[in-house]
Amino acid sequence: MGDGSIVHMTRSEIEADVRAGVEAAVKRAKTPPLAEDEIEHLVDIYASPSRFTGVDIGAEVVLSYDGSGIGTFTSGLQDLQMYEQCFAADLVEQCHGDYSFKAVKTIVPYEAQRMRDAQLALTVPIQYGAMPNLGLYCRPDGPAPNWAELLPLGRFDEARAGQEEAVEFAVADMVNVGEALAEAGADGIDFDTAGASGDADFLATLRAAEVLRARYPEFGIEIGMAGEFVLGMHGELDYDGVRLAGLWPREQLRVATKAGAHMFGPAVNVNTGKTAAWNVARAVTLVKPCMEEATIPIHMNVGMGVGGVPMTSYNPVDAVSRASRACVDILRLDGL
Amino acid sequence: MFAMPVAHGCASGLGGMRAAGDLVARMQMARGMRLGEAKTYVAEQLGVTPFDLSDPVLMNERRGELGLGRVTTFELSHPDDPTAIEAKGNIADLLGLEIRSVSLLEERMHRRATKG
């Protein structure tokens, strides 16, 4: 299930759930359904009683591990080395426990030094990751008016002005941190959970990416989304003439590419009350339009609570490996 | 931590520096290459086929020959292999990329010598 609990189902029940997941995506995002052979393949993956599954030899993809250098039970550097040496990570990510650019800005010289030290000790590429987290810029945590309080009061203009003010602060922080880490030797930056606070959050990310791309032509810039749909907390913001509120993955990819991202991570949130088969079917149906027109690598978010992986910290490996294989097989992803 | 990195790595990962996953990742990050293009490019530089890039036995040999860094194991030691930052210098040459940490090292070394 989407919450990680085990459930016993017949093949026909699994097929019914896969079809229902596809239908849910089609209805919600007005996207084309999966082909019959793709639905059959998903059913085969989820109806198998095996404990583990994987892609075909030769069809492997790049794995970018966000949050890998957080220092779960060792130091941050040891975490990175463990991911490189023990988990065979293709690239790793240094980050701070707070994982927000606003918080990181206050300690950025220390983070830059950690990056410099890590670069001496690791061979695989190391990116730096954090969240735009626009909500931290409004009161009481920040200086901008709190739009979440103003909106229910019907004070829409003030709520929009607060978000626009917060965007300027967030862009400055993200550029500041990005530059400091690039100058310390980082191979890239990951704007993780972009759009979590809505369209203004996404706009700030795109603008920061644009500045960093102009300054560092070969710097890895990854924009990973918070969800499948950009919420219109502001509603009137655009990027290069494209209204950001209401964008689905393909349209998110277009603006991310235009802003200079070299990797894009669509995210489709898990419904914990539905089965893993239903969730992965819905997720791949929503992301498939991205694959058809992408000119940059698509690293779909297939972690806890997104991309068909259950929302639990202690994920069953059968659920993770099925989601991993299903997304790669059906979508021909560039990475996860 | 067990389920996510280990399960994904075994199910669909290119194998990092056990194989050639880190090299393909670099082409995606630096040049925005899609997977097929990045695999083809890296395979050409290594003198192998794209299919070989996830083969840990073959890639371990090529990495050793080219000085690209290898995973440390308790059965074997590689005292003559390049260190991590040295290996990245070789990777930069192989892939035709500027790796910033390598450039920074070179900029900051031999200061007395370069200043006369």
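Residues numbered from 1 in each chain as written. Chains lettered and ligands numbered in written order. Predicted model: local features only at pLDDT ≥ 70, side-chain atom pairs only at ≥ 80, totals over all residues.

Engineer: What exactly am I supposed to notice about the nonpolar core here?
Structural biologist: Taken as a class, soluble globular proteins show a tendency for nonpolar side chains to be buried jointly. Formed by 142 residues in total, the largest nonpolar core has its most connected members in L42, A170, V284 and C327 of chain A together with V24 of chain B. Excluding its chain neighbours within four sequence positions, the residues that come into contact with L42 of chain A are V18, A277, V280, A281, A326 and I330 of chain A. (Core = buried A, V, L, I, M, F, W, Y, C linked by C-beta atoms within 7 Å. Buried ≥ 20, exposed ≤ 12 C-beta atoms within 10 Å, placed from the backbone. Contact = placed C-beta atoms within 7 Å.)

Engineer: Is there a simple way to explain the packing of helix α1 (residues 11-29) of chain A against helix α10 (residues 276-293) of chain A in this structure?
Structural biologist: Between two packed helices, the angle of one axis relative to the other and the distance separating the axes together describe the packing. Residues and elements named next belong to chain A. Interhelical geometry of α1 versus α10 gives an angle of 35 degrees and a closest axis separation of 7 Å. For the pair α1 and α10, the crossing hand works out as right-handed. Here α1 contributes I14, D17, V18, A20, G21, V22, A24, A25, V26 and A29 to the contact with α10, which in turn contributes A277, W278, N279, A281, R282, T285 and L286. Partitioned by chemical class, the residues of the contact of α1 with α10 number twelve nonpolar, three polar and two charged. (Axes fitted to C-alpha atoms, helices over the stretch in contact; angles between N-to-C directions. Helix = DSSP H or I, 4+ residues; strand = E, 2+ residues; numbered from the N terminus. Left-handed = near helix turned anticlockwise from the far one by under 90°. Nonpolar A, V, L, I, M, F, W, Y, C, P; charged D, E, K, R; others polar.)

Engineer: Explanation requested: the sheet that holds strand β3 (residues 188-194) of chain A in the structure shown.
Structural biologist: The pairing of strands in a sheet happens through backbone hydrogen bonds and is either parallel or antiparallel. All names here are of chain A. Here we have five strands laid out as an open sheet, ordered β1-β2-β3-β4-β7, and parallel in their pairing. Each end of this open sheet is capped by a strand with a single partner; those strands are β1 (92-94) and β7 (263-265). The average undirected angle you get between the axes of adjacent strands in this sheet is 25 degrees. Where strand β4 (residues 220-225) lies against β7, three bridges are found, and the strand directions are parallel. The partner of E222 across the bridge, within β7, is M263. In this fold helix α5 (residues 108-121) packs onto β1 and β2 (126-130), with an angle of close to 150 degrees to the strand it touches most, β2. (Pairing = 2+ DSSP bridges.)

Engineer: How should α10 of chain A be read in this particular structure?
Structural biologist: Helical geometry: 3.6 residues make up each α-helical turn, so side chains three or four residues apart lie on a common side. All names here are of chain A. Its 18 residues place the ends of α10 27 Å apart at the C-alpha level, agreeing with the 26 Å of an ideal helix rising 1.5 Å per residue. Helix geometry: α10 is bent most strongly at V287, by close to 35 degrees, with proline P289 lying one to four residues after it. Of all the 18 residues making up α10, 15 are buried; the element is thus mostly covered by neighbouring parts of the structure. (Expected span 1.5 Å × (residues − 1). Bend = angle between axes of the 7 residues up to and from the residue.)

Engineer: Could you clarify how one ought to interpret the interface of chain A and chain B in this entry?
Structural biologist: A common way to report how large an interface is uses the accessible area buried once the components associate. Taken together, the contacts link 51 residues of chain A with 43 residues of chain B. Elements with a minimum of two residues in the side of chain A that touches chain B: α3 (76-85), α5 and α11 (317-331) of chain A. Looking at the side of chain A that touches chain B element by element, the count peaks at six residues for α11 of chain A.

Engineer: Looking at this structure, I do not really get the packing of helix α2 (residues 36-47) of chain A against α11 of chain A. What am I missing?
Structural biologist: All names here are of chain A. Running from N to C, α2 and α11 cross one another at 160 degrees; their axes reach a closest spacing of 10 Å. With respect to their mutual orientation, α2 and α11 come out roughly antiparallel. In this structure, α2 meets α11 at a crossing whose hand is right-handed. For the pair α2 and α11, contact is made by E38, H41, L42, I45 and Y46 and by R322, R325, A326, D329 and I330, respectively. Broken down by class, the residue content of the contact of α2 with α11 amounts to five nonpolar, one polar and four charged. (Parallel < 35°, antiparallel > 145°, perpendicular 65-115°, else oblique.)

Engineer: I would appreciate a short explanation of unusual backbone geometry in the present structure.
Structural biologist: Generally, phi is negative for residues other than glycine and the peptide bonds are trans, each holding for most cases. All names here are of chain A. Cis geometry marks the peptide bond from R139 to P140, where omega comes out at 10 degrees. Checked against the element boundaries, P140 lands in the loop between β2 and α6 (147-150). At Y99, a position not held by glycine, the phi torsion is positive, near 60 degrees. Relative to the assigned elements, Y99 resides in the loop between β1 and α4 (101-105). Residue classification places Y99 among the partly exposed residues on the basis of 17 C-beta atoms within 10 Å.

What is shown is where atoms sit, not what they do.
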